[in-house]
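Each chain, written out:
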Amino acid sequence: MNISERVKKDCCGCSACMNSCPRDCIKMTPDKDGFLYPEVCEVLCVECNKCVKVCPVLNEDTPANKPKAYLVKNRNKELRKTSTSGGFFAAAAKYVLSEGGVVFGVGFDDNFNVRHSYIENIKDIKKFNRSKYVQSEVGHNYRKVKEFLRDGRKVLFSGTPCQVEALLNYLGEDPDDLYTMDIICKGVPSPKFWKKYLSWHKKKSGKDIREVRFREKTYGYGSTTMRVVYSDGTEYDEPYDVDPMLQFYSKEMISRPSCYDCKSKGKHRRSSFTAGDYWYVSGAAPRMDDGIGVSQVLVNNEKAAAAFEEIKKYLDVEPLDFDKDSAINGGMMVTSAKPNPRREEMYADLDNMSMGALQRKYFPATFKLKNRIKRKIRPVMYNMGLLKIYKKSMRKRQSTKSSKR
Ligand SMILES: Cc1cc2nc3c(=O)[nH]c(=O)nc-3n(C[C@H](O)[C@H](O)[C@H](O)COP(=O)(O)OP(=O)(O)OC[C@H]3O[C@@H](n4cnc5c(N)ncnc54)[C@H](O)[C@@H]3O)c2cc1C
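Basis of the calculations
Residues numbered from 1 in each chain as written. Predicted model: local features only at pLDDT ≥ 70, side-chain atom pairs only at ≥ 80, totals over all residues. Heavy atoms only, no water. Helix = DSSP H or I, 4+ residues; strand = E, 2+ residues; numbered from the N terminus. Rg over C-alpha atoms; globule rule 2.2 N^0.38 Å. Buried < 20%, exposed > 50% of the residue type's maximum accessible area, 1.4 Å probe, protein only. Areas by Shrake-Rupley, 256 points an atom, 1.4 Å probe, with all protein chains shown as cover. 1 Å grid on protein atoms, 1.4 Å probe; cavity = no way out; pocket = protein on both sides within 12 Å on 5 of 7 lines; lining within 4 Å. Points joined across faces, edges and corners; volume = space filled by probe spheres on them. Nonpolar A, V, L, I, M, F, W, Y, C, P; charged D, E, K, R; others polar. Disulfide = S-S within 2.5 Å. Salt bridge = Lys/Arg side-chain N within 4 Å of Asp/Glu carboxyl O. Pairing = 2+ DSSP bridges. Axes fitted to C-alpha atoms, helices over the stretch in contact; angles between N-to-C directions. Contact = heavy atoms within 4.5 Å. Core = buried A, V, L, I, M, F, W, Y, C linked by side-chain atoms within 4.5 Å. Near = heavy atom within 4 Å. Polar contact = N/O pair within 3.5 Å; in protein donor to acceptor, adjacent residues only side chain to side chain.

This part covers the overall build of the chain. Scanning the chain from terminus to terminus reveals 17 helices and 13 strands. What you see for the chain is a C-alpha radius of gyration of 21 Å, in line with the 22 Å of a compact globule of 405 residues. Taken along the three principal axes of its C-alpha coordinates, the chain extends 60 × 50 × 50 Å. In the chain, which comprises 405 residues, the share counted as buried stands at 52%. When the accessible surface of the chain is summed, it comes to about 19600 Å², and 52% of that surface belongs to carbon and sulfur atoms.

Dropping the structure here:
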């Protein structure tokens, strides 16, 4: 493998190198699949090596901490409904903002590009609520974090594990006023695929897009649904095995190459908090299972533990056994997903085929009558309370299967 093939495979696109360059000679440029990679202006480069020193891929570092694990639900039910899992992020953000701090997270810009930015008011937390299953553009936000810390403000930075490691490497320390929240992360799809998906919606509906909700909870927490609200208020609402964005993502066709061998995964992390879903809530803590969502949270160090005591006032909390309970849900915490064998073929087709044609080629079963009927009866099953029971039994079957393996 030559150097450029290595970079294509390993670089996680975190932008630490761009932020660290004292001569501003690194910019992040999309490759043919739409993922950002650093491009160095060799005329300006003085080979100071700062970019190499901050790279989270070249400088792997696993702390020897013993995290404390919890299941949490935000006490504000409405906020929990608009959060992906249990609304831990919103609680942590509220704590930092109420201390006069600043919160960095991932939201949409006016054109639905997925970007990091920051907020300073509690009323803006919703901008960052919900997972966006697309790689975010970090821009120069690590530099902004440094400026706010220098001004004596508390900062919460949330992002993927590689982005949090990138920030800590860029700062060269974990300052007292900085809190970081990384997510349990399966992988990040390409912004180019995302743009194509948005254009498909506009073409299909003849309307502009007003809102996108990746994991709408209309049919409950366990029933992953893509909701797109159009400019006239009408809605598109499809499950993960019908909606092309969720379908290509869940079948491991569109994540970044480095996500399939992620260097930032693990049960021991440098972040303050790690947040993810928890699918086994009915077994581990039945009282927390109300179908609206719970977050599994790892509190990774003493600084985080002190803040968690404050954040708790916004949460309903149930301790988990880190080694036992976290482990059963720990797949994506420690293990990278395997790429679909047809991933390369799909990206080769991306420029030449419409979204509909791609879906027909790679997922022909989506269009079968049996699946159409399944989609139609989903709302009926939900209203009768049967969908939750069905999902629970499927999950139980899956976990028995994987424990037998
Ligand atoms: C790309 C991606 C993959 C994930 N994969 C898994 C998984 O395999 N298993 C699992 O248990 N959990 C996974 N999660 C985490 C989970 O979906 C929730 O984000 C997490 O549980 C926090 O939910 P919440 O209810 O506390 O807050 P929410 O309000 O849902 O949290 C939103 C937070 O996520 C951040 N965020 C949103 N989109 C992105 C993005 N594109 N990149 C970086 N940060 C983002 C926001 O800044 C905000 O802090 C993933 C999340 C993302 C974004």
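This is not the end of the story, as more comes after the structure.
The next subject is the environment of glutamate 302. Here glutamate 302 is to be found in helix 11 (residues 302–311). Note: C-alpha distance between glutamate 302 and asparagine 65 (237 residues apart in sequence) is 9.6 Å.

Let us look at empty space enclosed by the protein. Applying the stated criterion across every chain yields a total of two cavities of 30 Å³ or more. The calculated volume of the largest cavity comes to roughly 190 Å³. If you go around the largest cavity, you meet 20 residues; those closest to its centre are Cys12, Cys162, Ser258, Cys259 and Cys262. Of the residues belonging to the lining of the largest cavity, the class tally is ten nonpolar, five polar and five charged. Taken as a whole, the second largest cavity spans an internal volume of roughly 30 Å³.

Under the defined criterion, the tally for this structure stands at zero disulfides. In this model cysteine 12 remains outside any disulfide bridge; the closest cysteine sulfur is found in cysteine 14, 4.0 Å from its own. Free cysteine: cysteine 262, not disulfide-bonded; nearest cysteine sulfur from cysteine 162 at 6.2 Å. By relative accessible area, which is 23% here, cysteine 262 ends up partly exposed.

Inspection of the entire model under this criterion finds 36 salt bridges. Here lysine 207 ties to aspartate 232 by a salt bridge, and the two come within 3.1 Å at their closest N and O atoms. Of this pair, lysine 207 sits in the loop between helix 8 (191–205) and strand 8 (209–216) while aspartate 232 sits in the loop between strand 9 (225–230) and strand 10 (235–239), and the two are 25 residues apart along the sequence. In this structure, the salt-bridge partner of arginine 213 is glutamate 211, at a minimum N-O distance of 2.7 Å. Overlapping salt bridges bring together Arg6, Lys9, Asp10, Asp261 and Lys263 as one network.

On to helix 5 (residues 88–98), then. Burial within helix 5 is extensive, with nine of its eleven residues counted as buried. For helix 5, the set of buried residues is Phe88, Phe89, Ala90, Ala91, Ala92, Ala93, Tyr95, Val96 and Leu97. Directly after helix 5, the chain includes glycine 100, whose backbone phi takes a positive value near 80 degrees.

So, about the sheet that holds strand 6 (residues 155–159). To summarise the sheet geometry, strands pair through backbone hydrogen bonds and adopt either a parallel or an antiparallel arrangement. Judged by pairing direction, the sheet is mixed, and its eight strands sit side by side in the order 5-4-6-7-11-12-3-13 without closing on themselves. Every interior strand has two partners, whereas the edge strands, strand 5 (114–119) and strand 13 (315–320), have only one. Strand-to-strand twist of the sheet, defined as the mean angle between neighbouring strand axes without regard to direction, takes the value 25 degrees. Here strand 7 (residues 178–183) runs beside strand 11 (residues 273–276); their pairing, made up of three bridges, is parallel. Along strand 11, the bridge assignment pairs methionine 181 with phenylalanine 273.

What follows deals with the sheet that holds strand 8. Within the open sheet, the three strands sit side by side as 8-9-10. Their pairing is antiparallel. Each edge of the open sheet carries a strand with a single partner, namely strand 8 and strand 10. For this sheet, the mean angle separating the axes of adjacent strands, direction not counted, is 10 degrees. Here strand 9 pairs with strand 10 via five bridges, running antiparallel. Bridging from a neighbouring strand, valine 229 pairs with glutamate 235 of strand 10. Each of strand 8, strand 9 and strand 10 touches helix 8; the most contacted strand, strand 9, lies at about 55 degrees to it.

Take the nonpolar core next. Formed by 33 residues in total, the largest nonpolar core has its most connected members in Trp194, Tyr197 and Met226. At the level of secondary structure, the elements contributing two or more residues to this core comprise helix 8, strand 8, strand 9, helix 9 (244–250), helix 14 (343–349) and helix 15 (355–362). When neighbours within four sequence positions are excluded, tryptophan 194 is seen to be in contact with Phe108, Phe112, Val114, Val134, Val212, Phe214, Met226 and Met245. Core analysis: the next-biggest nonpolar cluster, separate from the first, contains 29 residues, Phe88, Val103, Tyr179 and Ala275 among them.

Lining the immediate environment of the ligand, one finds 33 residues, of which Thr84, Ser85, Lys132, Ser158 and Ile184 sit closest. One of the backbone nitrogen or oxygen atoms of arginine 130 is found 3.0 Å away from an oxygen atom of the ligand. Serine 295 places a side-chain nitrogen or oxygen 3.4 Å from an oxygen atom of the ligand. Relative to its unbound accessible area of 900 Å², the ligand is 97% covered by the protein chains. Elements that contribute at least two residues to the shell around the ligand include exactly helix 5, strand 4 (102–108), strand 6 and strand 11. For the shell around the ligand, the class distribution of residues is 13 nonpolar, 15 polar and five charged.

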